[in-house]
Amino acid sequence: MKRKLKIEIGLAVLLLLIALFGSFLAPYDPLKVNYDFSLQPPGLLHIFGTDKLGRDVLSRILCGAKTSFGLTFLLLFLIVFIGMIIGLIAGLSNDKAESFFNNIINGLLAFPDTIFTITIVGIVGAGLFNTVFALALIWWTKYARLTLALVKQEKKKSYLVISKMSGVPPLQRIIRYLLPNILSQILVTAFLDIGNMMISLAGLSFLGLASQPPQPEWGAMLYESKQFMQVAPWMMFFPGLVLFICVLIFNLLSEDIRDYLDPKHYEEKL
Amino acid sequence: MRLFEAKNLTKKYDKTVLDHLDFSINEGEVVGVIGVSGCGKSTLARLVSGIEKPSSGSLLYQGKPVDFKKGRKDIQLILQNSIESFSPRMKIRVFLYEPYHYFYHLHKNEALDCIKKILKQVGMDESCLEKYPHELSGGQLQRIAIARALIIHPRLLICDEITSSLDHVVQREIIELLKKFVEKNHISILFISHDLSLVHEFCHQVLVLNNGKIIEKGTIQQLYKSENEVVQNLLKAAYLNS
């Protein structure tokens, strides 16, 4: 395994550990209001400064990581899982079923996703899980379409015919032959989407639709900081920087994972 | 004794690809199918191997309609594009173990001894077992594909243009290998090719396909006497190839 990939995996694991144990690492209670320390710039007591209510920005970032990562991975799992199942069913069915699923996918893709999410959240109410649910409702289509295209491409390949000739049962052919050959591309896309999802969830929190105060979440922190951009830029800078670093790490990781999963690189790994 | 028979075999997609084919294959017989690209040779291979169903007509194995679910063991297929016949993420060891596992329910260690024997028979050594398909050449992969089919002990082996992507030396080696197995194991072969120079070497009977129809049928000597223009063209191409 390349050194660069090892470093990227190490950084991603570190981020996940911070997300899991951030509340233990936080120097202050992220919800504790202290007007005496309102809008304090970064210093020895508060490394990332404080917000308008005197809450420690670093503590809020550390505690908000769990929400930001948790929601991102929940959303990712939902859309990849639903998309793959529907894509597999559509790709392995007959032409009529494939066309039926294709029409549903195309119909949903015709909606602008942000408007669709805002509409759904408007109906079911603002909140973290409602936003994840609304995003999952529209974003699974991307993975269903990708899976469908990959299945159609792999279906033509002779190794599936030969596996049938070797007596491999249909379900085993899907699990042991088809899935390993399509999974790497789906995983790479999923890794690339981690960054996009974090930004989208942060964007919806920024609009006040996802995370609700006083819950710390990176997007919500950016939303709260917009009115203090001139007088307390650290309120926006640090959550923005952390978000940027996370997106960057997962984007770099996705590129190297794609190379790593390419069968032509197997000998390099052995 | 008659092993396999096709009666009025027809396959239609948007247009008719195979049109009322009648032919038979006897035990231990090698039947060649030749024709230009697009004449329906590969479709015929897919129908005879049970990968696709015919639009009409019947396929008989030992006088009875073929049951591909039960009789998968008896009819095996080797395809033209050797690299595509292997899952890119599967080692050769796993690829060759599959038929032992699903047809004979053998344990990995028991199967490994048999795999080594069959590899020796096709001129490969066991070092290839831990390799991935892209690490082997087209000729090596085709030998392994033959080994996989032979593991199952088929009665009828369908070879769909198996030498088309190989150079002349490797083509000869593969043909010699098949000849050896026909003599030793008394298996029947449906050898599909566009190259008459390969077919005439070891086929007892040749079918010439054109536009989905059998336009000529007989021994290679009978084909040489044919006045059909398509057959004449194939003969000329074979002469140039050889």
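As recorded in an unreviewed UniProt entry, chain B goes by the name Dipeptide/oligopeptide/nickel ABC transporter ATP-binding protein, listed as coming from Faecalibacillus faecis.

An unreviewed UniProt entry lists chain A under the name ABC transporter permease subunit, from Faecalibacillus faecis. Note on chain A: under the UniProt heading Subcellular location (unreviewed entry), the record states "Cell membrane".

1. Quick word on the overall build of chain A
Scanning chain A for helices and strands turns up 10 helices and zero strands. Considering only C-alpha atoms, chain A reaches an extent of 75 × 50 × 25 Å along its principal axes. A buried classification covers 39% of the 270 residues belonging to chain A.

2. Some words on the pairing of strand β2 (residues 16-26) of chain B
Looking along a regular strand, one sees side chains alternate from face to face of the sheet. All names here are of chain B. As defined by bridge partners, strand β1 (residues 2-12) adjoins β2 across seven bridges and the pair is classed as antiparallel. By the bridge assignment for β2, R2 is matched with N26. Linking β1 to β2, which pair antiparallel, is a turn of three residues.

3. Structural notes on the UniProt feature "domain: ABC transporter" (unreviewed entry) in chain B
Mapped onto this structure's residue numbering, the UniProt feature "domain: ABC transporter" (unreviewed entry) falls at residues 1-236 of chain B. Taken as a whole, residues 1-236 of chain B contains 37% helix and 26% strand, while its terminal C-alpha atoms sit 34 Å from one another.

4. As for the interface of chain B and chain A
Facing the 21 residues of chain B at the interface are 17 residues of chain A. Elements with a contribution of two residues or more to the side of chain B that touches chain A: β6 (75-78) and α2 (92-104) of chain B. A per-element tally of the side of chain B that touches chain A places α2 of chain B first, with four residues.

5. Considerations on the environment of L183 of chain A
When you line up the elements, L183 of chain A lands in helix α7 (residues 170-206). Residues L183 of chain A and K156 of chain A, spaced 27 residues apart in sequence, show a C-alpha to C-alpha distance of 17 Å.

6. What to know about the packing of helix α6 (residues 158-165) of chain A against α7 of chain A
Residues and elements named next belong to chain A. Contact geometry of α6 with α7 gives a least axis separation of 11 Å together with a crossing angle of 145°. Handedness of the α6/α7 crossing: right-handed. Where α6 approaches α7, its residues Y159, L160, S163 and K164 are matched on the opposing element by R173, Y177 and L178. Across the contact of α6 with α7, the residue classes break down as four nonpolar, one polar and two charged.

7. Re the UniProt feature "transmembrane region" (unreviewed entry) in chain A
Residues and elements named next belong to chain A. In the numbering used here, UniProt assigns the feature "transmembrane region" (unreviewed entry) to residues 69-93, 114-140, 186-210 and 231-253. As a span, residues 69-93 carries 96% helix and 0% strand, and end to end its C-alpha atoms are 36 Å apart. With 89% helix and 0% strand, residues 114-140 has end C-alpha atoms that lie 14 Å from one another.

8. Thoughts on the nonpolar core
Among the nonpolar cores identified, the biggest contains 134 residues, and I61 of chain A together with I78, I158, L190, F191 and V208 of chain B are the most heavily contacted of them. Three or more residues apiece are contributed to this core by two domains, here domain 1 (1-74 + 155-242) and domain 2 (80-153) of chain B. Residues in contact with I61 of chain A, not counting those within four places in the same chain, are F48, W218, F238, P239 and V242 of chain A.

9. What to know about the pairing of β6 of chain B
Residues and elements named next belong to chain B. Of the two faces of β6, both are covered, the one formed by I75 and L77 as well as the one formed by Q76 and I78. Pairing analysis gives four bridges linking β6 to strand β7 (residues 156-160), with the strands arranged parallel. Of the residues in β7, the one forming a bridge with L77 is I158.

10. Some remarks on the sheet that holds β2 of chain B
Residue and element names in this part refer to chain B. Strand order in this open sheet of four strands is β2-β1-β4-β5, and the pairing throughout is antiparallel. Unpaired on one side and paired on the other, β2 and β5 (64-65) mark the two borders of the sheet. When strand β4 (residues 56-61) meets β5, the two strands line up antiparallel, connected through two bridges. Bridged to Y61 within β5 is K64.

11. Notes on the UniProt feature "domain: ABC transmembrane type-1" (unreviewed entry) in chain A
Listed under "domain: ABC transmembrane type-1" (unreviewed entry) in the UniProt record, and renumbered for this structure, are residues 69-254 of chain A. Structurally, residues 69-254 of chain A is divided into 82% helix and 0% strand, and its ends, taken at the C-alpha atoms, are 16 Å apart.

12. A word on the sheet that holds strand β10 (residues 213-218) of chain B
Residue and element names in this part refer to chain B. What the six strands build is an open sheet, ordered β6-β7-β8-β3-β9-β10; its pairing is mixed. On the outer flanks of this sheet lie β6 and β10, each paired with one strand and no other. Between one strand and the next, the sheet's axes are offset by a mean angle of 20°, whatever the strand orientation. Relative to strand β9 (residues 205-210), strand β3 (residues 30-34) is paired through four bridges, and the arrangement is parallel. Across the sheet, V31 pairs through a bridge with Q205, a residue of β9.

Calculation notes
- Residues numbered from 1 in each chain as written.
- Chains lettered and ligands numbered in written order.
- Predicted model: local features only at pLDDT ≥ 70, side-chain atom pairs only at ≥ 80, totals over all residues.
- UniProt positions renumbered as here; feature names shortened; annotations may be inferred.
- Helix = DSSP H or I, 4+ residues; strand = E, 2+ residues; numbered from the N terminus.
- Buried ≥ 20, exposed ≤ 12 C-beta atoms within 10 Å, placed from the backbone.
- Pairing = 2+ DSSP bridges.
- Contact = placed C-beta atoms within 7 Å.
- Axes fitted to C-alpha atoms, helices over the stretch in contact; angles between N-to-C directions.
- Left-handed = near helix turned anticlockwise from the far one by under 90°.
- Nonpolar A, V, L, I, M, F, W, Y, C, P; charged D, E, K, R; others polar.
- Core = buried A, V, L, I, M, F, W, Y, C linked by C-beta atoms within 7 Å.
- Domains from an automatic or database assignment.

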